[in-house]
Amino acid sequence: MSAMMFVTALAAQAATAPLGTAPSPSATATGDSSSNGAYTYVDLEAGAGYSTNPNLDFGDSRGAGFGRISVHGVHTRVSDRTTTVLSAFAQNSFYTRHYGAQQSFDLNARHDARVSEKLRVFGDADFAYDKGGQLDTRIISVPGVPLPPGATQPPLLTPVGDFLSVTGRRYSASAHVGAQLALSSREFLTGSTGIEHSVFKNAGFDTKFTTIPVSIGYDRQISSRTTIGGRLGAQFTDYDGPAESRILTPQLTIQTLLAERITFSGGIGVSFSAVDDGTDTRHSTGLAANANLCSAGERSRFCGYAAVSQEAATVAGPAKTVSAGLDYSRRLDADQTLQFSVSANRYSRPFSIISGQSFSHATYLRAAADYTRHLGNRWFGGANVATRKVAQGGPDPKADVSGSLFIRYRLGDLR
């Protein structure tokens, strides 16, 4: 995934239910008032390393050493009824040859509030810039925070790189809002919508698209561990011209507590899509499914996911997408932490919006790991490693393998 899913926060929720899935009380945060309060810090980091193909360039790509400076600010605020998480990350990499200086950043905000005993509202916003998929080589984590009682965290919606966007420059912005209404002690109605905009620039072509997702769902708690329901989703995408796509997806959903610390959530249904290039319209019908398995232990957190989408939006045009991945973090001891993230995305049957370009299929693989050690006082040190590979019908860019050592200084709260 791109602009890395916030690994620690994602796993800390133990259940990452899709928008429109109501909570099972036994599977949600406790809302412990002892966690109330604000937590703010800024990490200043400097590192150096080597990358074999920083921009995933095609042709005779060459590796380069690099120096990197970054800043990551985080603010969380928790009360009896609300949870707010703000994250701002920016980095600048200086390469020894060929690539010059490259910048990337990601700004993310989430808010969840219990307005009344029956009504809960939530929202998120994200703005990012990335060149050559560099955000995919980093793990940007934020503290796990409790949610208001009876609430389940909607997905962390961050920019997602695809097989083409990681080879150029991508700008993305998104915002989503939603609400959940308790019809009774066991029944919930949830609705959400938003807007997502993406711009891709490369030496050969530029593309951009805007997507509006809409979802409404009904859920019923059938036991202390399990909630089932149904969701109707729609997605409208305009590719800045005659091309557009429309997708309607009804699904059955479930969220269940498999064990004390292990939660499963997912949905399965069918997608009906229509892709119009201004001249012809292509209709398709196919499986739409997603699954999330999460565990939160005393010292480790894990989330695995898989999904199938019939006409996912990419910078090359709508395409069938199959994705899977896992995110894991573990505190080895009081001073050492290990995190890693792996994902695979397979794209097929794309409807190309790029003049003179066609794509039959493509696969994007990435993995990243981070080891951090507390050196004392406010100082930390560690290592990052990452690998990325794009495979498609035709010439493939050389895989990128990178590694670096870093030192970090924290301003603000320490805990």
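Each value, and the rule that gives it
- Residues numbered from 1 in each chain as written.
- Predicted model: local features only at pLDDT ≥ 70, side-chain atom pairs only at ≥ 80, totals over all residues.
- Heavy atoms only, no water.
- Helix = DSSP H or I, 4+ residues; strand = E, 2+ residues; numbered from the N terminus.
- Buried < 20%, exposed > 50% of the residue type's maximum accessible area, 1.4 Å probe, protein only.
- Contact = heavy atoms within 4.5 Å.
- Areas by Shrake-Rupley, 256 points an atom, 1.4 Å probe, with all protein chains shown as cover.
- Patch = residues over 30% accessible without salt bridge, like charges linked within 9 Å, V, L, I, M, F, W, Y side chains within 5 Å.
- Salt bridge = Lys/Arg side-chain N within 4 Å of Asp/Glu carboxyl O.
- Polar contact = N/O pair within 3.5 Å; in protein donor to acceptor, adjacent residues only side chain to side chain.
- Phe/Tyr/Trp six-rings, centres within 6.5 Å; stacked < 30°, edge-to-face > 60°.
- Disulfide = S-S within 2.5 Å.
- pLDDT = per-residue confidence, 0-100.
- Pairing = 2+ DSSP bridges.

Asker: Which residues make up the overall build of the protein, and what are the values?
Answerer: Counting secondary structure elements, the protein contains 1 helix and 18 strands. Counting the 415 residues in the protein, one finds 51% classified as buried. For the protein, the share of sequence-separated contacts (at least 6 apart) that also reach a separation of at least 24 residues comes to 63%. Roughly 17200 Å² of accessible area belongs to the protein as shown, and the carbon and sulfur atoms make up 60% of that amount.

Asker: Hey, could you go over a nonpolar patch on the surface for me, with residue numbers and the actual values?
Answerer: A grouping of Val115, Leu119, Leu181, Leu183, Leu189, Ile216, Tyr218, Leu232, Leu248 and Phe272 is seen on the molecular surface, where their side chains present a nonpolar patch of about 820 Å² in accessible area. Here Ile216 shows up in strand β8 (residues 206-221).

Asker: Describe in detail the environment of Arg120, supporting the description with residues and values.
Answerer: You can see Arg120 is positioned in strand β5 (residues 119-131). Taking the C-alpha atoms as reference points, Arg120 and Gln180, 60 residues apart in sequence, are found 5.1 Å from one another.

Asker: Please provide a residue-by-residue account of the pattern of salt bridges, values included.
Answerer: One pass over the full model with this rule turns up 9 salt bridges. Of the charged contacts, one joins Arg408 and Glu45 as a salt bridge, the two residues approaching to 2.8 Å between their closest N and O atoms. Separated by 363 residues along the polypeptide, Arg408 in strand β18 (residues 400-412) and Glu45 in strand β1 (residues 37-51) bring together distant segments of the chain. A residue is classified by how much of its surface remains accessible, and Glu45, at 9% relative accessible area, is buried. Asp112 is paired through a salt bridge with Arg120; the nearest N and O atoms lie 2.9 Å apart. As far as burial versus exposure is concerned, Asp112 and Arg120 are alike and both buried. When salt bridges that share partners are traced, they join Glu45, Arg138 and Arg408 into one network.

Asker: Give me the side chain of Thr84: which residues, what numbers.
Answerer: Relative to the helices and strands, Thr84 resides in strand β3 (residues 82-95). Of the polar contacts made by the side chain of Thr84, one reaches the side chain of His111; its length is 2.7 Å.

Asker: Account for the packing of aromatic side chains, with residues named and values stated.
Answerer: Taken as a whole and judged by the stated rule, the model has 8 aromatic pairs. Geometrically, the ring pair formed by Tyr39 and Tyr41 is tilted, given 5.5 Å between the ring centres and 50 degrees between the ring planes. Here Tyr39 matches Tyr41 in class, with each residue buried. Between Tyr129 and Tyr171, the aromatic rings sit 4.8 Å apart at their centres with planes inclined by 40 degrees, giving tilted as the arrangement. One end of the pair, Tyr129, is in strand β5; the other, Tyr171, is in strand β6 (residues 169-182), and 42 residues separate them in sequence. You can call Tyr129 buried: its relative accessible area is 12%.

Asker: Explain unusual backbone geometry to me, and be specific about the residues and the numbers.
Answerer: Even without being glycine, Asn377 reaches a positive phi, approximately 55 degrees. Relative to the helices and strands, Asn377 resides in the loop between β16 (361-376) and β17 (379-392). Accessibility expressed as a relative area gives 60% for Asn377, which makes it exposed.

Asker: A description of the state of the cysteines should follow, citing residues and the corresponding values.
Answerer: In this structure the tally under the stated criterion is 1 disulfide. Here Cys294 connects covalently by a disulfide to Cys303, the sulfurs 2.0 Å from one another. Judged by the sign of its S-S torsion, about 115 degrees, the cystine formed by Cys294 and Cys303 is right-handed. For Cys294, a relative accessible area of 1% gives the class buried. Relative accessible area serves as the criterion here: at 3%, Cys303 is assigned to the buried category.

Asker: Lay out the confidence of the model for the protein with the relevant residues and their values.
Answerer: Per-residue confidence for the protein gives a mean pLDDT of 82, with 81% of residues at or over 70. No element of the protein has a lower mean pLDDT than helix α1 (residues 7-12), which averages 30, and none a higher one than β18, which averages 95. Long-range and interchain partners of residues 1-34, a stretch whose pLDDT sits below 50, account for 148 contacts in this model, where long-range means more than four residues apart. Residue range residues 149-160 is modelled with pLDDT below 50. Its contacts to residues more than four positions away, or to other chains, number 63 contacts.

Asker: Outline the pairing of β17, listing residues and values.
Answerer: Note: β16 against β17, 14 bridges, orientation antiparallel. Bridge assignment links Tyr364 to a residue of β17, and that residue is Val390. Adjacent in sequence and paired antiparallel, β16 and β17 are bridged by 2 residues, among which Asn377 carries a positive phi angle near 55 degrees.

Asker: Tell me about the side chain of Ser51, and name the residues and values.
Answerer: Following the sequence through the fold, Ser51 ends up in strand β1. Among the polar contacts made by the side chain of Ser51, one reaches the side chain of Asp400 at a distance of 2.5 Å. Discounting chain neighbours no more than four positions away, the residues touching Ser51 are Gly63, Ala64, Phe66, Asp400, Val401 and Ser402.

Asker: Provide a residue-level description of the pairing of β18, including the pertinent values.
Answerer: As defined by bridge partners, β1 adjoins β18 across 11 bridges and the pair is classed as antiparallel. Bridged to Ala48 within β18 is Leu405. The pairing of β17 with β18 spans 10 bridges and is antiparallel. Residue Arg388 lies in a different strand from β18, and its bridge partner there is Asp400.

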